[in-house]
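# A structural walkthrough
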Amino acid sequence: MKLALIPVAVLLICSGCAFHGSHGSSTITLDGRSIRQDDGVFTVEGVELRHHRWVDVAAARADETDMAFITATGEITLEPSQDDGYALQVELWSEIEGDGEVRLEGGRLVAHSDGGHELLINAVTGAVPDALPLHGESGTGDVSLSGFSAGQALVIQAGTGAASIQGCRAGPIEVDAGTGRVTLQGVTGTTVRVSAGMGGTD
């Protein structure tokens, strides 16, 4: 295993999101959409999302070649499934109470509203196939991957949340963190690269 530990200046920008905030509120640009959280309410592209619920998403593995899960402020906690499928719990915020569904398309979670209303996926927990390359990214939430053992690539990008990989036998491992703490325990990889800001590493 090769380990590269790279201290970096704190720049709260990840590949899919950019963050800035003040006391009690934060704004993230995620996949081209402006997302603001203020006093527990999300505003997406100027539309308030006041309703949220947890949605179960279960699916068999299809022909996807990798997986990527991205949230604005919520956690991402993933482990390998026993049946090579998906068994996820997803936090879904909506403009209209009870609106929307979540689907898996090409290893990505997609929120859909029949009425065309605004939706936001903001947390993901559960189990996913072990063999596919996995990318977890959050603007301010914690990202945790544990138990993966098929030699795939594992990537975590975290703005202000903690980043954790535990008990994994993987291929290349890459962790980029802004201010959150980075934890690697019981991890082996062909290469391991960690870019840590103010949070430091364990």
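For the structure given in this document, a descriptive report is provided here. (Residues numbered from 1 in each chain as written. Predicted model: local features only at pLDDT ≥ 70, side-chain atom pairs only at ≥ 80, totals over all residues. Heavy atoms only, no water.)

## Re the pairing of strand β6 (residues 41-44)
The pairing of strand β5 (residues 33-38) with β6 spans 4 bridges and is antiparallel. Among the inter-strand pairings, arginine 36 is bridged to a residue of β6, identified as threonine 43. Hairpin connection of β5 to β6: 2 residues between the antiparallel strands, including aspartate 39 at a positive phi of 55°. With 3 bridges joining them, β6 and strand β7 (residues 47-49) adopt antiparallel strand pairing. Opposite threonine 43, over in β7, you have glutamate 48 as the bridge partner. Between β6 and β7, which pair antiparallel in sequence order, lie 2 residues; one of them, glutamate 45, sits at a positive phi of approximately 50°. (Pairing = 2+ DSSP bridges. Helix = DSSP H or I, 4+ residues; strand = E, 2+ residues; numbered from the N terminus.)

## Quick look at the environment of glycine 151
Secondary-structure assignment places glycine 151 in the loop between β16 (143-146) and β17 (154-158). Expressed as a C-alpha distance, the spacing of glycine 151 and alanine 170, which sit 19 residues apart in the sequence, is 3.7 Å. Apart from residues no more than four positions distant in its own chain, glycine 151 is found in contact with Arg169, Ala170 and Gly171. (Contact = heavy atoms within 4.5 Å.)

## Description of the nonpolar core
Proteins that are soluble and globular tend to have nonpolar side chains buried together. Phe69, Leu78, Leu88, Leu109, Leu154 and Ile165 are the most contacted members of the largest nonpolar core, which totals 36 residues. Apart from the residues within four sequence positions on either side, leucine 154 is in contact with Leu134, Leu145, Phe148, Ile165, Cys168, Ala170, Pro172, Ile173 and Glu174. (Core = buried A, V, L, I, M, F, W, Y, C linked by side-chain atoms within 4.5 Å. Buried < 20%, exposed > 50% of the residue type's maximum accessible area, 1.4 Å probe, protein only.)

## Examining the packing of aromatic side chains
Aromatic ring pairs are described here by two measures, namely the spacing of the ring centres and the angle between the planes. Evaluation of the coordinates by the stated rule reveals 1 aromatic pair. Each ring, one from phenylalanine 42 and one from tryptophan 93, has its centre 4.8 Å from the other, and the planes form 75°; the classification is edge-to-face. You can see phenylalanine 42 sitting in strand β6 and its partner tryptophan 93 sitting in strand β11 (residues 85-94), a full 51 residues away along the chain. (Phe/Tyr/Trp six-rings, centres within 6.5 Å; stacked < 30°, edge-to-face > 60°.)

## Overview of the pairing of β16
Consecutive residues of a regular strand have side chains that alternate between opposite faces of the sheet. Residues Val143 and Leu145 point to one face of β16 and are all buried, whereas Ser144 and Ser146, pointing to the other face, are not buried. In this sheet, β16 lies alongside strand β10 (residues 76-80) in parallel orientation, the contact comprising 3 bridges. The residue bridging leucine 78 from the neighbouring strand is leucine 145, located in β16. Pairing analysis gives 4 bridges linking β16 to strand β18 (residues 163-166), with the strands arranged parallel. Considered in β18, the bridge of serine 146 is made with glutamine 166.

## What about the pattern of salt bridges?
Here the structure, examined in full by the defined rule, presents 8 salt bridges. Aspartate 38 serves as the salt-bridge partner of arginine 36, at 3.8 Å between the closest nitrogen and oxygen. The network of salt bridges with shared partners includes Glu174, Asp176 and Arg193. (Salt bridge = Lys/Arg side-chain N within 4 Å of Asp/Glu carboxyl O.)

## Things to note about the side chain of serine 138
With respect to the element layout, serine 138 can be found in strand β15 (residues 134-138). When its relative accessible area of 0% is taken as the criterion, serine 138 is described as buried. Among the polar contacts made by the side chain of serine 138, one reaches the side chain of threonine 71 at a distance of 2.9 Å. Other than its neighbours up to four places away in sequence, serine 138 contacts Thr71, Ala72, Thr73, Gly74, Ile76, Val143, Gln157, Ala158 and Gly159. (Polar contact = N/O pair within 3.5 Å; in protein donor to acceptor, adjacent residues only side chain to side chain.)

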